[in-house]
Amino acid sequence: MSEKEFQQVGESTTGPAQQNPYGPNPADFLSNVNNFQLIDSTLREGEQFANAFFSTEKKIEIAKALDDFGVDYIELTSPVASEQSRKDCEAICKLGLKAKILTHIRCHMDDARVAVETGVDGVDVVIGTSKFLRQYSHGKDMNYIANSAVEVINFVKSKGIEIRFSSEDSFRSDLVDLLNIYKTVNKIGVNRVGIADTVGCANPRQVYELVRTLKSVVSCDIECHFHNDTGCAIANAYTALEGGARLIDVSVLGIGERNGITPLGGLMARMIVAAPEYVKSKYKLKKIRDIENLVADAVEVNIPFNNPITGFCAFTHKAGIHAKAILANPSTYEILDPHDFGLKRYIHFANRLTGWNAIKSRVDQLNLNLTDAQIKEITAKIKKLGDVRPLNIDDVDSIIKDFHMELTTPMLKPTEGEGEEEPLDITGEPASKKVKTK
Ligand SMILES: CC(=O)SCCNC(=O)CCNC(=O)[C@H](O)C(C)(C)COP(=O)(O)OP(=O)(O)OC[C@H]1O[C@@H](n2cnc3c(N)ncnc32)[C@H](O)[C@@H]1OP(=O)(O)O
Ligand SMILES: O=C(O)CCC(=O)C(=O)O
Ligand SMILES: [Zn+2]
């Protein structure tokens, strides 16, 4: 459907989010909903998306766009993945971006030695702690994991750059194992610990509980990484922040392994409702559409129709009841203000679910003078035609203009023998059936 089929309505609303009664509970002193940071992993997790191939130039373009948007960190593919990955990592480090540059490695000295030479601001270290990964991925026990974590962390710290330790598959790991390893790495001064829902199995309640528990055993910041296999990635990120996590991993459009992780745009939609001032002051929300288009083009996908914020109908209102209320006050059916994202709202009135209020607003836009009764009559014609086929804005405008013209043009008297067959208008009704009163 083209934009032309919609009527654009309204100016910026006065902060519907601020009136949201479901905002964070101010009594929750651990919450970081008003004080979170973003680690964008489009150039790491996102490169693991099935369709992704980023040339050096494309990586640089994406990194610059993310930096301009205001993400706090940009995470890059491991420099040991390939020779070009290492060179790209070095090239991005040299750009002098405001965002800190991280690279993501296995918990192994071989990887760490290469990582610290790239010029990154920090290293994200990960190792699987669940039974599945310990048995079938790397084959190491918790004791070995703890020892190699300590070695890698101390080494990276000695280079004067940030270090984060994360357990892969945290939600299928033994809680005691997890807390022990996190306590160990916290003690030796890791900058952050990470929780990863690697298979997307966690729900928001489990996330909240794990973050709160972890918060009671470590003093460093907590980062969270959520896969979206069961559709909880945004909700889990939000509850992680409520529970006291400080950093969330995102990628543009959520691209990553399988169906990906918490999407940057979707998380912004959630967070602007919860913390409007913080989000608006920190991130250039009007850039979201451009960044999504950039990445969508790069990995050859379309933006999903139901994407938060940028889905083609994210701010399009259709049913008559909705349209009437939106025209009166957009907050009736919008929790997000499209203008915050440099976008517009539309009323889709060319269909049989429309109502006379929506049609009246189109009549006003066309600068025509018709009574409410006349507009209701036009609405009935639109619905009648809308029962037969999909409509577009030109259909509706023709019905309106035709009706108006009939009102304002004097009827020609048929000469004898002519006019037995009255002309039908676009809706198939005799033109003379129109109400002529004002
Ligand atoms: C959940 C995640 O997304 S984690 C991040 C995933 N990212 C990547 O995999 C980056 C891209 N990967 C690569 O380029 C390659 O897999 C490399 C270069 C890292 C390794 O390649 P290869 O040496 O050929 O090994 P391969 O990929 O087949 O297997 C992974 C190896 O890493 C080991 N390993 C896996 N995870 C870890 C870990 N967290 N810490 C230490 N070692 C690990 C495995 O035991 C296996 O070692 P093996 O050679 O003894 O079998
Ligand atoms: O490093 C991390 O925290 C997460 C790694 C990852 O991509 C995952 O576990 O899904
Ligand atoms: Zn992941």
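Details of the structure are given in the entry above.
None of the values given here were measured: they were computed from a predicted structure. (Residues numbered from 1 in each chain as written. Chains lettered and ligands numbered in written order. Predicted model: local features only at pLDDT ≥ 70, side-chain atom pairs only at ≥ 80, totals over all residues. Heavy atoms only, no water.)

## Things to note about the site of ligand 1
Thinking step 1. Lining the immediate environment of ligand 1, one finds 13 residues, of which Gln48, Arg106, Cys107, Val126 and Ser137 sit closest.
Thinking step 2. At a separation of 3.0 Å, an oxygen atom of ligand 1 approaches a polar side-chain atom of Gln48.
Thinking step 3. A distance of 3.1 Å separates an oxygen atom of ligand 1 from a polar atom in the backbone of Ser137.
Thinking step 4. In isolation ligand 1 offers 1000 Å² of accessible surface; the protein chains occlude 51% of this area.
Thinking step 5. Listed by contribution, the elements that provide at least two residues to the shell around ligand 1 are β4 (100-106) and β5 (122-128).
Thinking step 6. Of the residues assigned to the shell around ligand 1, the class counts are five nonpolar, five polar and three charged. (Near = heavy atom within 4 Å. Polar contact = N/O pair within 3.5 Å; in protein donor to acceptor, adjacent residues only side chain to side chain. Areas by Shrake-Rupley, 256 points an atom, 1.4 Å probe, with all protein chains shown as cover. Helix = DSSP H or I, 4+ residues; strand = E, 2+ residues; numbered from the N terminus. Nonpolar A, V, L, I, M, F, W, Y, C, P; charged D, E, K, R; others polar.)

## A word on the side chain of Asn186
Thinking step 1. Within the fold, Asn186 resides in helix α6 (residues 175-187).
Thinking step 2. Residue classification places Asn186 among the buried positions, given a relative accessible area of 15%.
Thinking step 3. In this view, Asn186 contacts Val217, Val218, Ser219 and Cys220; residues no more than four positions away in its chain are not counted. (Buried < 20%, exposed > 50% of the residue type's maximum accessible area, 1.4 Å probe, protein only. Contact = heavy atoms within 4.5 Å.)

## Looking at the pattern of salt bridges
Thinking step 1. Throughout the structure, instances matching the rule amount to 30 salt bridges.
Thinking step 2. Across the pair Arg44 and Glu45 runs a salt bridge whose closest N-O atoms are separated by 3.5 Å.
Thinking step 3. Residue classification places Arg44 among the buried residues on the basis of a relative accessible area of 8%.
Thinking step 4. Residue Glu45 is classed as buried on the basis of its relative accessible area of 2%. (Salt bridge = Lys/Arg side-chain N within 4 Å of Asp/Glu carboxyl O.)

## Observations concerning the nonpolar core
Thinking step 1. With 97 residues, the main nonpolar core has Leu38, Phe69, Ile74, Phe165 and Met268 as its most contacted residues.
Thinking step 2. Contacts of Met268, omitting those with residues within four sequence positions, involve Phe36, Leu38, Phe69, Val279, Tyr283, Leu285 and Ile288.
Thinking step 3. In this structure, Val363, Leu385, Leu391 and Ile393 belong to the second largest nonpolar core, which totals 20 residues. (Core = buried A, V, L, I, M, F, W, Y, C linked by side-chain atoms within 4.5 Å.)

## Describing the environment of Ala99
Thinking step 1. Position of Ala99 among the secondary structure elements: in the loop between α2 (83-93) and β4.
Thinking step 2. Between the alpha carbons of Ala99 and Asn236 there is a distance of 24 Å; along the sequence they are 137 residues apart.
Thinking step 3. Beyond its immediate sequence surroundings of up to four residues, Ala99 is in contact with Asp67, Val71, Asp72, Tyr73, Ile74 and Asp121.

## Some words on the site of ligand 2
Thinking step 1. Close to ligand 2 lie Arg44, Glu45, His104, Val126, Arg164, Ser166, Glu168, Ala196, Thr198, His225 and His227.
Thinking step 2. At 2.6 Å from an oxygen atom of ligand 2 is found a side-chain nitrogen or oxygen belonging to Thr198.
Thinking step 3. Expressed as a share of its isolated accessible area of 300 Å², the protein-covered part of ligand 2 is 94%.
Thinking step 4. Each residue belonging to the shell around ligand 2 can be placed in one class, and the counts come to two nonpolar, five polar and four charged.

## Describing the pairing of β5
Here is the key point about a regular strand: its side chains alternate between the two faces of the sheet.
Thinking step 1. The element β5 is extensively covered by neighbouring structure, given that seven of its seven residues are classed as buried.
Thinking step 2. The two faces of β5 match: Gly122, Asp124, Val126 and Gly128 on one face and Val123, Val125 and Ile127 on the other face are all buried.
Thinking step 3. Alignment of β4 against β5, held across five bridges, turns out to be parallel. Looking at β5, one finds that Arg106 is bridged to Val126.
Thinking step 4. Since β4 and β5 lie parallel, the crossover through helix α3 (residues 109-116) that links them has a hand, and here it is right-handed.
Thinking step 5. In this structure, β5 lies alongside strand β6 (residues 162-168), joined through seven bridges in parallel fashion. Note that in β6 the partner of Val125 across the bridge is Phe165. (Pairing = 2+ DSSP bridges. Right-handed = clockwise from strand over helix to strand, strands pointing away.)

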